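Survey of secondary and tertiary structure
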Amino acid sequence: MATSAVARETVFALRRQIAKIEGTLPERLQAPADAAPVDAPRDPTADVTPKNITPKNLTIVRRGLAVAPPDAFLRTGAEGLDTALSGGLPKAALSEIHGAATRDAGAVAGFALSLVSLILKQEPRLPVLWIGTAEIFREAGFPYARGLHRLFGIEPEQLLFSEAPRLVDALWTAEEAARMTVLAAVILEIRGSPQRLDLTATRRLHARAQSAGRPVFLLRQAGEPEPTAAPVRFVLSAAPSAPRQTIAGPVAGSIGRPAFTVSIGKSRTALPGQFTLEWNPDERSFEERRAGERRQEPAANPVPVVSASRRGKDPAPASGAVLAFAAVGSPAAGDQPSPGERAAHRRPRRAG
């Protein structure tokens, strides 16, 4: 029994050395500060079980991040999610937040603003830069100023917006902003699955976030999950809200705190999992909803969902309203427009 214990201790020391060199072990390793070296003489009858472990003796080893102190991670406050992420979301890294459909844009933006609110607890006066193309702002809109302050404690003047005409301009702006330490965080919102958003582009964003020590949040709207350099990918959707709680009990038919269904789609340190989180705007922290807790039943949504766009050179244009007209008076299949009509058809449409 003692021989096997010594062997385990030797393996532990070897794995720790490998982790320091390569950063490839996802486990949380710990060892007592007063432990003797591996090659020192040992008493075969001695108890080698680590005792009296203190936080300062704790070393967190995460794949891709080598050895990092505990304050390198952003704790959400939801114990289940933080434990699954081996301590929380890495601060100096690119993190991907994915919404499967455009209708999830509000939930994705709300979750990102919640994470920014957690960061601003430590850096309350730093601004935040939100970058996107004109198309994404047209489809998803902008945050409401009063809601920013009420729900997230973010002053409207702290949130800066950069609307780029093209995706290549948005990526360039995000790369330059990720270098700056005067920003608390950088948010890059992209719609669809454009070709320019590939591993090379995301590696550059991740490297700049690591160098500056600031987080970069990549918001993906209505796109397919694809390989990126982000260590963590969250898949977001809105969760049914619980009724508002009062001293007399829950108010029937009321709407309580914002809730999110958060799935770990990809992580270098955690297995896939799903959590239902509620955002507490007063404490500015997440709370995990327990199984079986009472909540509002979601209403049926009769609107059809457009499939996610696939990779293309340019983002797909926004879909407009589809109008149906009766077939009365429509031209026959072989009819051709007159020469005067052809010229009008070639001209672009003008609003009004």
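See the structure above.
These remarks concern the structure in this document. Please read these numbers as outputs of a predicted model, since none were measured by experiment.

Calculation criteria
- Residues numbered from 1 in each chain as written.
- Predicted model: local features only at pLDDT ≥ 70, side-chain atom pairs only at ≥ 80, totals over all residues.
- Heavy atoms only, no water.
- Helix = DSSP H or I, 4+ residues; strand = E, 2+ residues; numbered from the N terminus.
- Buried < 20%, exposed > 50% of the residue type's maximum accessible area, 1.4 Å probe, protein only.
- Contact = heavy atoms within 4.5 Å.
- Areas by Shrake-Rupley, 256 points an atom, 1.4 Å probe, with all protein chains shown as cover.
- Expected span 1.5 Å × (residues − 1).
- Arc of directions from axis to C-beta.
- Salt bridge = Lys/Arg side-chain N within 4 Å of Asp/Glu carboxyl O.
- Pairing = 2+ DSSP bridges.
- Axes fitted to C-alpha atoms, helices over the stretch in contact; angles between N-to-C directions.
- Core = buried A, V, L, I, M, F, W, Y, C linked by side-chain atoms within 4.5 Å.
- Phe/Tyr/Trp six-rings, centres within 6.5 Å; stacked < 30°, edge-to-face > 60°.
- Parallel < 35°, antiparallel > 145°, perpendicular 65-115°, else oblique.
- Left-handed = near helix turned anticlockwise from the far one by under 90°.
- Nonpolar A, V, L, I, M, F, W, Y, C, P; charged D, E, K, R; others polar.

The secondary structure content of the chain amounts to eight helices and 16 strands. Here the chain holds 352 residues, and 40% of them are scored as buried. Once local pairs closer than 6 in sequence are excluded, the contacts in the chain between residues at least 24 apart make up 72%. For the chain, the accessible area works out to roughly 20,400 Å², and carbon and sulfur atoms hold 55% of it.

Look at helix H7 (residues 199–212): 20 Å from first C-alpha to last across 14 residues, which is about the 20 Å you get at 1.5 Å a residue. Considered for burial, the residues of H7 that qualify are Ala-201, Thr-202, Leu-205, His-206, Arg-208, Ala-209 and Ala-212. Angular distribution of buried residues about the axis of H7 spans 165°; they occupy a single face of the element. Those residues of H7 that are buried lie in contact with strand E6 (94–99), helix H6 (167–178), strand E9 (185–191) and strand E10 (216–221). Of the residues trailing H7, Gly-213 is marked for its positive phi of about 75°.

This structure, assessed with the given rule, holds 10 salt bridges. A salt bridge links Glu-79 to Arg-75; its shortest N-O distance comes to 3.4 Å. On the basis of relative accessible area, Arg-75 is assigned to the partly exposed category, the value being 44%.

Turning next to the sheet that holds strand E11 (residues 232–238). On the basis of which strands lie adjacent, the open sheet formed by nine strands has the order E8-E7-E9-E10-E6-E11-E14-E15-E16 and mixed pairing. Each end of this open sheet is capped by a strand with a single partner; those strands are strand E8 (159–164) and strand E16 (285–288). Mean inter-strand twist for the sheet, computed between neighbouring axes without regard to direction, equals 30°. Summarising the sheet, strand E7 (residues 128–133) and E9 pair through five bridges and their orientation is parallel.

The two faces of the sheet receive side chains in turn, since in a regular strand these alternate between them. With respect to burial, strand E14 (residues 259–267) is a largely interior element, seven of its nine residues being buried. Bridge analysis of E11 against E14 gives seven bridges, and the strand direction is antiparallel. Paired with Leu-236 across the two strands is Val-262, which belongs to E14. Hairpin connection, E14 to strand E15 (residues 274–280): the antiparallel pair is bridged by six residues.

The next subject is the nonpolar core. Formed by 42 residues in total, the largest nonpolar core has its most connected members in Ile-97, Phe-111, Leu-115, Phe-217, Phe-234 and Phe-286. Core analysis: the second largest hydrophobic core is formed by 21 residues, Leu-183, Ala-201, Leu-205 and Leu-218 among them.

With five bridges connecting them, E6 and E11 associate as parallel partners. Directly across from Ser-95, in E11, lies its bridge partner Val-232.

In this model, helix H3 (residues 105–120) (16 residues) spans 22 Å end to end at C-alpha, consistent with the 22 Å of a helix rising 1.5 Å per residue. Taken across its 16 residues, H3 has 15 buried, putting it largely inside the fold.

The next point concerns the packing of aromatic side chains. According to the stated counting rule, one finds 10 aromatic pairs in the structure shown. Seen in terms of ring centroids, Phe-111 and Phe-286 are 5.3 Å apart; in terms of plane orientation they differ by 40°. Their pairing is tilted. Pair noted here: Phe-111 is in helix H3 and Phe-286 is in strand E16, with a separation of 175 residues, a long-range link. This pair shows no difference in class: Phe-111 is buried, exactly as Phe-286 is. Judged by centre distance (6.3 Å) and plane angle (75°), the ring pair of Phe-260 and Phe-286 falls under edge-to-face. Here Phe-260, found in strand E14, pairs with Phe-286, found in strand E16; they are 26 residues apart in sequence, far enough to count as distant. A relative accessible area of 5% means that Phe-260 is categorised as buried.

Our next topic: unusual backbone geometry. Although it is not a glycine, Ser-86 sits at a positive phi angle of roughly 60°. For Ala-222, which is not a glycine, the phi torsion comes out positive at approximately 55°. Tracing the chain through its elements places Ala-222 in the loop between E10 and E11.

With that settled, consider the packing of H6 against H7. One can describe the packing of H6 onto H7 by two numbers: an axis separation of 8 Å at closest approach and a directional angle of 20°. On the basis of their axis angle, the class for H6 and H7 is roughly parallel. Between H6 and H7 the crossing geometry is left-handed. In this structure, H6 contributes Leu-171, Ala-174, Glu-175 and Ala-178 to the contact, and H7 contributes Ala-201, Arg-204, Leu-205, Arg-208, Ala-209 and Ala-212. Among the residues forming the contact of H6 with H7, the class breakdown is seven nonpolar, no polar and three charged.

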